[in-house]
Amino acid sequence: MTVQEINKAYNRIEGSLNSKELKNAFDFLQKLIYESKEYSLQDKLTELHDTYKYMLRYRVEGMRDPMQSKIYNDLMASTYELADDLKMRLLLRISSVIYFDRKRIAAYQPLQSYRVLHDELTTAVEVSDYKQVDGLQLNLFNQVWLSGRLTREELSDIRDIFADDTIPFSASCQIVSALLLGLQTCFDDEKVLLLCDAAMSGKDEVRARALIAILITLYLYHKRIGFYPAISNRLEALAERGGFVKELRTIILRFILSRETEKITQKIQNEIIPEMMKMSPKLNKKINMQDFSIDQLGDEMNPDWQNMIENSEFGNKMKEFSELQMEGADVMHSSFIHLKSFPFFSEMGNWFLPFNPHHSAFGSAFGKGSEFDNVLETMALSSFMCNSDKYSLYFSIMQLPEQHRKMMMAQFDSQAMEMIQDRKEEFMPEDKRFEYIVGQYVQDLYRFFKIHPRHLDFLDLFALKLDFHNLPQVKALLSDNESLTIIAEYYLRKGYIDDALVVYERLALSSPDNEELYQKIGYCKQMKEDVQGALEAYLHADLLNGDSKWVIRRIAGCYRALKQPEKALGYYQRYEALSPDNLSVTISIGHCHLELKNFSEALKCYFKVEYLDPESHKAWRPIAWCSFLTGKFEQARNYYGKIMGNAPSLQDMLNAGHTEWALQNVKGAINFYKMAVEADGGDFHKFMEQFTQDIPDLLSAGIEEQDIPLLLDELRYSMDGSL
């Protein structure tokens, strides 16, 4: 069988189980065992099949077994696991994916127990052997990542590593990342429970990574998690810990923010950098750098070119860039995307490693008091760079020519380092520490799943929706209004309307009297072009508070969009009573009258707007057209004359032609029609589509029906110059 055939067969089995079609799953499993000749699994399948048939027989005979629910859950879980086992065996034979490549190689290498690795790590820490510490941590990562189902002894040994405060927390971090990657390849309930142990850690770095790994695993396997009550129980126990909901919320918001990374990268490459390139020659001209010598330079900026930067498009984009960075957005991805080819990153575990200024990869360059000491300490404190990028930056610095490197190091003198240490809390405030750690780890994951040389061997997590708050297992843990409101507002602010709407509707179920929720539900539906749905939400909000001008106007707009001008007019008039000087509402009232063919009332509104705001010219077009419809052709001509001198549209030219024709100025009408055709690239067919729509109005204006084809032929002759 090929890899594609194996995956297709497995997906059929998994799909049946996800739909709780256990009989179909057994049939597909039987077929796959037969085709793959993995007969060693036949007995297990037969056992599961027989158990299920006995259970069904009891039900048919009307016998109620109090253990039926547990038996069914165990059957489902065991069938999932049997399918996993079969798939993993088959892929291990032929798959070229990195996981199976490494697993085949590992099969020929001696395997140390986790207890031995733990003891060796403890010894290496005691003697400050950083190289051995780093090597053992990589061994831990690889061994956990490639492991199958762990024995009780192995689970106990890994829990001992989590609990040991004498070894670096990075060892536990590496185990957590390895569990996350391994679970992506194959589900294992015991590994999820291990992550729950890590999520109880007192170390923020370990706990943050574990919670992220749990959420991702719940997302990937949400269809089967319910068959493992031990996992649900552990999640409930986690929720009892103080601060859990806030931490969960922090992670969810960071993953929402990660959706912006590609947009930010594109903005930097396509907008900020080009604007920077444009700005450079302007600044050179303003400053004339060639005329400057060191002793002429002062501290102050020239206000002229400072203002030029601040008021430029570049200045605006940099301000936006700065705000994104302050929010925690991944603004560094584009800078480091090409700096992951150093040998350090050939080890997969190093992509997830917390930054350590004592790492052996820094070699002899690092040492207390060395020129690199301050650089590494500063990078360790930095909160806006993820761990992976900090390593990239260091290796990039090491590639600089020695002279340039020394110039850079000179900036980190003892005074600067003292200042950094004094202001350490400002670099990563204690109350923001967990948030920064989460942000950095999410960015580490983003780089791995997007740019690792073998990233295509993994499911790209960041191509998924990752709406963790909608998972059945998380809903119960994150049901407070504060958390859901924060998540919904964040979605709305970032423009993820569909996601925001789901949360707002969930909130509305528990807060049916909250008018603001219905306003936002209406807004989201309107943005999705569900005008009827938006209207219903706005009407509900209006019932709760009839004084909201914003809601009243939205209701009116929805009725207009639904071609119900009479109802729209009533709401616009309500708005006008609350805000009589709003001229845009006055124009909208005029439009409603126009659609209801109350032409004289419409004209009153339009003339009011023109009188009160003569500079805007907003009312010219509706006055001109309304004048035409009411037979005031000279008045219409007067206004179309004004419009023709003020960037007329194709429709303006068409309407001006209608007006001239109604005034029996056929030659003038043809001239305007000709302008309209030419304005649309000479496409006479498009002109005719619009002209045909206006024929009823032409007839109402007194144009004889038999004259219409004659004038159109005159126009055609005029167009080809033969008239």
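This one's a predicted model, so the numbers in the text were calculated from it and none came from an experiment.

What about the overall build of the protein chain?
Then comes step 1: Across its full length, the protein chain carries 39 helices and zero strands.
Then comes step 2: Looking at the protein chain as a whole, 47% of its 723 residues qualify as buried.
Then comes step 3: For the protein chain, the exposed surface amounts to about 36400 Å²; the carbon and sulfur share of it is 52%.

Quick word on empty space enclosed by the protein
Then comes step 1: For the coordinates displayed, the defined rule picks out four cavities of 30 Å³ or more.
Then comes step 2: Lining the largest cavity, in full, are Arg254, Leu257, Ser258, Thr261, Gly328, Ala329, Asp330, Gly439, Val442, Gln443 and Tyr446.
Then comes step 3: Those elements giving two or more residues to the lining of the largest cavity turn out to be helix H13 (244–258) and helix H23 (433–451).
Then comes step 4: A total of four residues in the lining of the largest cavity trace back to one element, the largest contributor, which is H23.
Then comes step 5: Broken down by class, the residue content of the lining of the largest cavity amounts to four nonpolar, five polar and two charged.

What about the confidence of the model for the protein chain?
Low-confidence regions, as indicated by low pLDDT, have predicted coordinates that should not be scrutinised in detail.
Then comes step 1: Within the protein chain, residue pLDDT values average 87, and 87% of them lie at 70 or more.
Then comes step 2: Overall, residues 282–299 carries pLDDT values under 50, and its contacts beyond four positions in sequence, including any with other chains, amount to 12 contacts.
Then comes step 3: For residues 365–369, every residue scores under 50 in pLDDT, and the model assigns this stretch 10 contacts once sequence neighbours within four places are set aside.

Looking at the side chain of Lys191
Then comes step 1: With respect to the element layout, Lys191 can be found in helix H10 (residues 189–198).
Then comes step 2: Although buried, Lys191 forms no salt bridge, and the nearest oppositely charged side chain, Asp188, lies 4.4 Å from it.
Then comes step 3: Within the structure, the side chain of Lys191 is placed 2.9 Å from the backbone oxygen of Ser147, a separation counted as a polar contact.
Then comes step 4: For Lys191, the side chain forms a polar contact with the main-chain oxygen of Gly148, separated by 3.3 Å.

A look at the pattern of salt bridges
Then comes step 1: In the structure shown here, the tally under the stated rule is 44 salt bridges.
Then comes step 2: Note that Arg207 is salt-bridged to Glu247, the shortest N-O span being 3.0 Å. Here Arg207, found in helix H11 (residues 204–220), pairs with Glu247, found in helix H13; they are 40 residues apart in sequence, far enough to count as distant.
Then comes step 3: Its relative accessible area of 9% is what places Glu247 among the buried residues.
Then comes step 4: Where Glu595 meets Arg560, a salt bridge forms, and the shortest distance between an N and an O atom there is 2.6 Å. Here the residue Glu595 occupies a position in helix H31 (residues 583–595), and Arg560 occupies one in helix H29 (residues 549–561), the gap between them amounting to 35 residues.

Some words on a nonpolar patch on the surface
Then comes step 1: Together, Tyr54, Tyr58 and Met63 line one region of the surface with nonpolar side chains, adding up to about 330 Å² of accessible area.
Then comes step 2: Summarising the element assignment, Met63 is placed in the loop between helix H3 (42–60) and helix H4 (68–94).

Brief notes about the packing of aromatic side chains
Then comes step 1: Tallied over the entire structure, the rule returns 41 aromatic pairs.
Then comes step 2: Taking the centre distance of 6.1 Å and the plane angle of 75° together, the rings of Trp351 and Phe448 count as edge-to-face. Taken together, the residues Trp351 in the loop between helix H17 (333–336) and helix H18 (373–381) and Phe448 in helix H23 connect sequence positions 97 residues apart.
Then comes step 3: Owing to a relative accessible area of 0%, Trp351 belongs among the buried residues under this scheme.
Then comes step 4: Residue classification places Phe448 among the buried residues on the basis of a relative accessible area of 0%.
Then comes step 5: Consider the rings of Phe362 and Phe395, whose centres lie 6.1 Å apart with planes at 50°: the pair is tilted.

Regarding the environment of Met76
Then comes step 1: With respect to the helices, strands and loops of the structure, Met76 is situated in helix H4.
Then comes step 2: Spatially, the C-alpha atom of Met76 lies 7.5 Å from that of Leu22, the residues being 54 residues apart in sequence.
Then comes step 3: Not counting the four nearest positions on each side in its chain, Met76 is found in contact with Leu17, Lys20, Leu22 and Phe227.

Conventions we followed
Residues numbered from 1 in each chain as written. Predicted model: local features only at pLDDT ≥ 70, side-chain atom pairs only at ≥ 80, totals over all residues. Heavy atoms only, no water. Helix = DSSP H or I, 4+ residues; strand = E, 2+ residues; numbered from the N terminus. Buried < 20%, exposed > 50% of the residue type's maximum accessible area, 1.4 Å probe, protein only. Areas by Shrake-Rupley, 256 points an atom, 1.4 Å probe, with all protein chains shown as cover. 1 Å grid on protein atoms, 1.4 Å probe; cavity = no way out; pocket = protein on both sides within 12 Å on 5 of 7 lines; lining within 4 Å. Points joined across faces, edges and corners; volume = space filled by probe spheres on them. Nonpolar A, V, L, I, M, F, W, Y, C, P; charged D, E, K, R; others polar. pLDDT = per-residue confidence, 0-100. Contact = heavy atoms within 4.5 Å. Lys, Arg positive; Asp, Glu negative; His and termini not counted. Salt bridge = Lys/Arg side-chain N within 4 Å of Asp/Glu carboxyl O. Polar contact = N/O pair within 3.5 Å; in protein donor to acceptor, adjacent residues only side chain to side chain. Patch = residues over 30% accessible without salt bridge, like charges linked within 9 Å, V, L, I, M, F, W, Y side chains within 5 Å. Phe/Tyr/Trp six-rings, centres within 6.5 Å; stacked < 30°, edge-to-face > 60°.

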